[in-house]
Amino acid sequence: MTLHHPMQGAFWMVAAGITFAVINTMLQYLGITFEVNSGSAVLYQYGIALLLFVPLMGSGAIRTAARSDFRWLHVLRVGLSVIGIQLWTAALTYPVPIWQGIALLMTSPLFVTIGSAVLLRESVSTLRWLATLVGFAGAMLILQPWSDDFVWATLLPLGAALFWASASLLTKFTVSQDSPSTIVFYLLVLMLPFDLLFGVPQLIVPTGWQPWALLIASGCLTAFAQWSVAKAYSVADASFVQPFDHLKLPFNVLAGFLVFGWVPPGELWIGSAMIIASVIFITHYERVRNPIEVLWEEAHPDKIKRD
């Protein structure tokens, strides 16, 4: 049984959120400046991540991954992830504004919390439920489904959130035996056929060193971000770490502002404040509720689970 280390789980999920914000900005910059379409960008991104990550694993780690007891669950997990990616890409192509799309993706903790309690049989406290609902309310404030400007395409990120939440639950289940490296290995390998299917028909080969530098960097960061997510789920309960995924909204908004000068509507800041407040509160609650565990980890760092 995996021990619940809240601070480690929070750290790795926040690290993943920051990294994904950088990746999203890189891909948007590639599309705007160098006209690299989404299919080509994803193919290069995950292909480069695969080429860089697999050699780092070593032959022994690859053989261990191949002997996983959850091979078919990994296939299902990656399949759900691919559906989520296609829905998310369709939303961006419509286009749904990035801050509105990210806000809807943030409803995934609601699905994960329910799934964690029902399927994984994790103990979900009332305060965790409330923190998740506060984050959801903040996302709804940004979306404003009651507005006359609401369109059906804004539901596409909601569908992506559902499929990615399902994939997250399977990730939590598989990390009970498989290491984060194994989780990322299967993701990168099994995504390649789908990436080829969607990327080859519209493949663009960039010219010059700048787009290739960005693509290589996005590939490296993608491998790290996916590993960070798997690591977060391996050291803490899914229902605890998932609310930290809320932080991807301010991270993406900040990156978009710094690179493109994009300024979202004022409601975003209110919603973001609600989300950040819920994350800060749940972190404080976990530290107060589990002081013995925190002190034990600080006194015995050599016994904390590592790969």
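The model shown is predicted, which means the values in this text are computed figures rather than measured ones.

Definitions and limits used
- Residues numbered from 1 in each chain as written.
- Predicted model: local features only at pLDDT ≥ 70, side-chain atom pairs only at ≥ 80, totals over all residues.
- Heavy atoms only, no water.
- Helix = DSSP H or I, 4+ residues; strand = E, 2+ residues; numbered from the N terminus.
- Buried < 20%, exposed > 50% of the residue type's maximum accessible area, 1.4 Å probe, protein only.
- Contact = heavy atoms within 4.5 Å.
- Core = buried A, V, L, I, M, F, W, Y, C linked by side-chain atoms within 4.5 Å.
- Polar contact = N/O pair within 3.5 Å; in protein donor to acceptor, adjacent residues only side chain to side chain.
- pLDDT = per-residue confidence, 0-100.
- Expected span 1.5 Å × (residues − 1).
- Axes fitted to C-alpha atoms, helices over the stretch in contact; angles between N-to-C directions.
- Left-handed = near helix turned anticlockwise from the far one by under 90°.
- Nonpolar A, V, L, I, M, F, W, Y, C, P; charged D, E, K, R; others polar.
- Phe/Tyr/Trp six-rings, centres within 6.5 Å; stacked < 30°, edge-to-face > 60°.

J.: Report on the overall build of the protein, specifying residues and quantitative values.
T.: Within the protein, the secondary structure is distributed over 13 helices and zero strands. Start at the N end of the protein and walk to the C end: the helices and strands fall as α-α-α-α-α-α-α-α-α-α-α-α-α. In the protein, which comprises 307 residues, the proportion classed as buried is 51%. Sequence-distant contacts, at least 24 apart, represent 89% of the contacts inside the protein between residues at least 6 apart.

J.: Talk me through the nonpolar core; I want residue IDs and the actual numbers.
T.: Phe-53, Leu-188, Met-191 and Val-241 are the most contacted members of the largest nonpolar core, which totals 33 residues. Those elements that place two or more of their residues in this core are helix H1 (6-34), helix H2 (38-66), helix H3 (71-93), helix H8 (180-199), helix H9 (209-235) and helix H10 (238-241). The next biggest cluster of nonpolar side chains, apart from the first, holds 14 residues, and it includes Ile-98, Ile-102, Ala-139 and Val-253.

J.: Quick one: what's the story with the environment of Trp-164, residue by residue and with numbers?
T.: Its location among the elements puts Trp-164 in helix H7 (residues 156-174). Taking the C-alpha atoms as reference points, Trp-164 and Leu-105, 59 residues apart in sequence, are found 8.8 Å from one another. For Trp-164, the contacting residues outside a window of four places in its chain are Leu-80, Ser-81, Gly-84, Ile-85, Trp-88 and Leu-105. A polar side-chain atom of Trp-164 sits 3.1 Å from the main-chain carbonyl oxygen of Ser-81.

J.: Talk me through unusual backbone geometry; I want residue IDs and the actual numbers.
T.: For Glu-35, which is not glycine, the phi torsion reads 55° and is therefore positive. Structurally, Glu-35 is set in the loop between H1 and H2. The exposed category is assigned to Glu-35, whose relative accessible area is 62%.

J.: Could you give me a rundown of the confidence of the model for the protein, with the residues and numbers involved?
T.: Across the protein, the average pLDDT comes to 78, with 86% of residues at or above 70. Here residues 291-307 is modelled with pLDDT under 50, and outside its nearest four sequence neighbours on either side it reaches 21 contacts, counting other chains as well.

J.: Provide a residue-level description of H1, including the pertinent values.
T.: Here H1 contains 29 residues, and its C-alpha end-to-end distance of 41 Å stays within 8% of the 42 Å for a straight helix at 1.5 Å per residue. Just beyond H1, the residue with positive phi is Glu-35, at close to 55°.

J.: Describe the packing of H2 against H8, and please don't skip the residues or the numbers.
T.: The interhelical angle for the contact between H2 and H8, taken along N-to-C directions, is 145°, at an axis separation of 8 Å. Handedness of the H2/H8 crossing: left-handed. In terms of residue class, the contact of H2 with H8 is made up of 20 nonpolar, five polar and one charged.

J.: Before we move on, could you go through the packing of aromatic side chains and cite the residues and values that matter?
T.: On inspection of all chains with the given rule, the structure shows six aromatic pairs. Pairing Tyr-29 with Phe-260 gives two aromatic rings, centres 6.5 Å apart and planes at 35°, and the pair type is tilted. Taken together, the positions of Tyr-29 in helix H1 and Phe-260 in helix H11 (residues 248-260) put the pair 231 residues apart, joining distant regions of the chain. Looking at Tyr-29, the relative accessible area reads 34%, which means it is partly exposed.

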